[in-house]
Amino acid sequence: MNESYYFFFVLMGYFTGFVFYFLNFETSNRTGRAFAAKITWTILVLHLCFFLLHYLRTGEMAVHTLAEYFYILSFIILLVSFYIESRFDARFLMLFSLPVVMILCLLALLLTGRERAGLLSLDSWWLKLHTGLMLAGFAGLITAVSAALMYLIQSRQLKSKHIGNASFKLPPLETLDRVHFRALVWGVILFSLGILCGFFSARDRQELMEVLKDPKVDLSFAACAAYWVILGLRLSSLRRGQKIAGGTVLVFILLFAILAGVYFTPQGFHKGY
Amino acid sequence: MDIFVLGLNHKTAPLELRERLAIPRHKTPEFLKHMAERHISKERLMLSTCNRTEIYGAGPDPSAAIESAKSLLSEYAHVERGLFEKNLYVLQREAAVEHLFSVASGLDSLVVGETEIIGQVKDAYLEAQREGQTGKVLNRLFERSLKVAKDLRTQTEIGEGRVSIASVAADLAGKIFGELKGTRVMVLGTGEMATLLLRAMHARQTKLMVVSSHRFDRAEALGAELGAEPVHYDFYAERMKDVDILITSTLAPTVLIHEAQVRQWMKERQERPLFMIDLAVPRNIEGSAAKPDNAYLYNIDDLRTIADRNAERRRSQLEECSRLVTRQTGLFMDWLKKEFGGQS
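Quantities reported herein were computed from a predicted structural model and do not represent experimental measurements.

Caption draft 1: Highlighting the overall build of chain A. In terms of helices and strands, chain A carries ten helices and zero strands. For chain A, the sequential pattern of α-helices and β-strands runs α-α-α-α-α-α-α-α-α-α. The 273 residues of chain A split such that 55% are buried. For chain A, restricting intrachain contacts to residue pairs at least 6 apart in sequence, the fraction spanning at least 24 positions comes to 77%. Per element, the accessible surface of chain A, about 12,500 Å² overall, is 70% carbon and sulfur.

Caption draft 2: Region of the structure containing the nonpolar core. In this structure, Tyr14 and Tyr227 of chain A together with Met201, Ile245, Phe275 and Ile277 of chain B are the most contacted members of the largest nonpolar core, which totals 120 residues. Ranked by residue count, the leading element in this core is helix H4 (residues 93–111) of chain A, at 14 residues. Each residue touching tyrosine 227 of chain A, except ones within four places of it in the same chain, is listed here: Leu141, Val145, Leu184, Val188, Thr248, Val251, Phe252 and Leu255 of chain A. Of all hydrophobic cores here, the second largest spans 60 residues; its members include Ala13, Leu17, Leu32 and Val103 of chain B.

Caption draft 3: How the structure looks around the interface of chain B and chain A. Contacts between chain B and chain A engage 31 residues on the former and 30 residues on the latter. Both faces considered, chain B and chain A share a buried interface measuring about 2,500 Å² in area, 45% of it formed by carbon and sulfur atoms. Where chain B packs against chain A, one counts three salt bridges. We note a salt bridge from lysine 169 of chain A to glutamate 157 of chain B, for which the minimum N-O separation is 3.7 Å.

Caption draft 4: Highlighting unusual backbone geometry. Residue and element names in this part refer to chain B. A cis amide bond links valine 281 to the next residue, proline 282, at an omega of 0 degrees. With respect to the helices and strands, the residue proline 282 is situated in the loop between strand S9 (274–278) and strand S10 (295–299). A positive phi angle, close to 60 degrees, is found at serine 41, a residue other than glycine. Along the chain, the position of serine 41 falls in the loop between helix H2 (28–37) and strand S2 (43–48).

Calculation notes
- Residues numbered from 1 in each chain as written.
- Chains lettered and ligands numbered in written order.
- Predicted model: local features only at pLDDT ≥ 70, side-chain atom pairs only at ≥ 80, totals over all residues.
- Heavy atoms only, no water.
- Helix = DSSP H or I, 4+ residues; strand = E, 2+ residues; numbered from the N terminus.
- Buried < 20%, exposed > 50% of the residue type's maximum accessible area, 1.4 Å probe, protein only.
- Contact = heavy atoms within 4.5 Å.
- Areas by Shrake-Rupley, 256 points an atom, 1.4 Å probe, with all protein chains shown as cover.
- Core = buried A, V, L, I, M, F, W, Y, C linked by side-chain atoms within 4.5 Å.
- Buried area = accessible area lost by both parts, 1.4 Å probe.
- Salt bridge = Lys/Arg side-chain N within 4 Å of Asp/Glu carboxyl O.

What follows is the structure, given as structure tokens:
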């Protein structure tokens, strides 16, 4: 119950930060961005406090339930977004990352206390690695999606010749392409390694066949392969720009659907997790 | 202690008069010394740009100082007082402070929101300070004016968006490529507009190429002036795979660059973004050349529309800026009152 209140408070905090980012994006008031960043940072620290308190109380990391999984994922995404925003001057990346984070926090809130069946015991190193890498991979991919969305908006404005507020405020295409590409590279590599560790973990438990029959695993594998194709096209410079950015977004929608399906469809190895 | 400003600008005086009353920068110290010799106020400063000539003063008897300043200006510029007196504005106390804050912020400029004036105000202040002509009041006033100008730029959109065609094009290039340093620019034609844009790109440290068929000597001359490589028209297409920004401004009566050609270039360029700016009338680049991914095409009308919209956008910020300037004026007057009490 306490966790619910905590998740709710953090969700509201991020929502407030998002509102200020959005207002700053849409209006002429430029000071709002710094204020929005301060709010989001404060909530991020509170977010971190949850993990610390959980660790002090139980002596374990808070990644045992799907709610906690979503919660830690949202934390990593914001941390990565903050870093990239300041490192590459990718202004307003947070505006695009926060909605995803809010959805994850909302899911965490809805799932809290309702998933004892989904409890995961991180008893093997492969499983610990699998969980960590999947979290980091998702964070990278979500950051790539945020950058891709910004790229699509900016390029659309430049193509249409109607240079609006968004174009003034968003970073240049070159910056967005760089952020998108790097986040995609890290996201895909970590996600792939995460899948690989999952297979090793299943092999150790002698559950490999069962895992391979899980439609979510197969679909995740397909999504990962699709990301490798996108990355390959980008690396070979056969395609770049709008098509690559669009591809990143589309595959992520598939991935997000798989993630949601994990909980809501009552079958498969990953049922409830 | 009273503050005053007297001067004329692009709103109150024609160019011919402004030219005659302008005090060149190298003569500013001399002018300030004349002011000091005539005891024109306790503190004094001269701001002279192509659009304005203004004398700022702070002292106990502004009326006498203003009269003396008018006479000095007349004598120094060899222009009869009667010829320019009706074009002068004289502002005192809050009005003078508010005026300076507006000037420094570019609100009173010909191009609203321009930034050049900040540097000019700063230079004028430093010059007067160096000559020992400023004191506690003008030091505080001018330092505050620079702070107000900076605040207005960060808190409003008064400086957002360029209003000249060359700057708009350079800004759009920045929206695509970010830092323009090292970006490769090719210019087809050596007309006036192309030259202007070439200079704007040169200022951003791009790598330039100038292409011409009939006036290759002019391409060479421009190349020598701006450090650009002159390229003959027959060979420009071969170089396109290395070009990021293509500017066309030839007098050709028909379209020179077609969609198919751009598609081919994009393939050779491995889909790297290509920004095409067509300044020619009739157009040199086919409209559909913007269809391929990562190809961006703007013609002269597109750039003009953006420049006009930016100017409008800046004007829409004036109300908010005026509110901030008034607030800052109030704060400054409070300080002045506190420091000098009944004297103010």
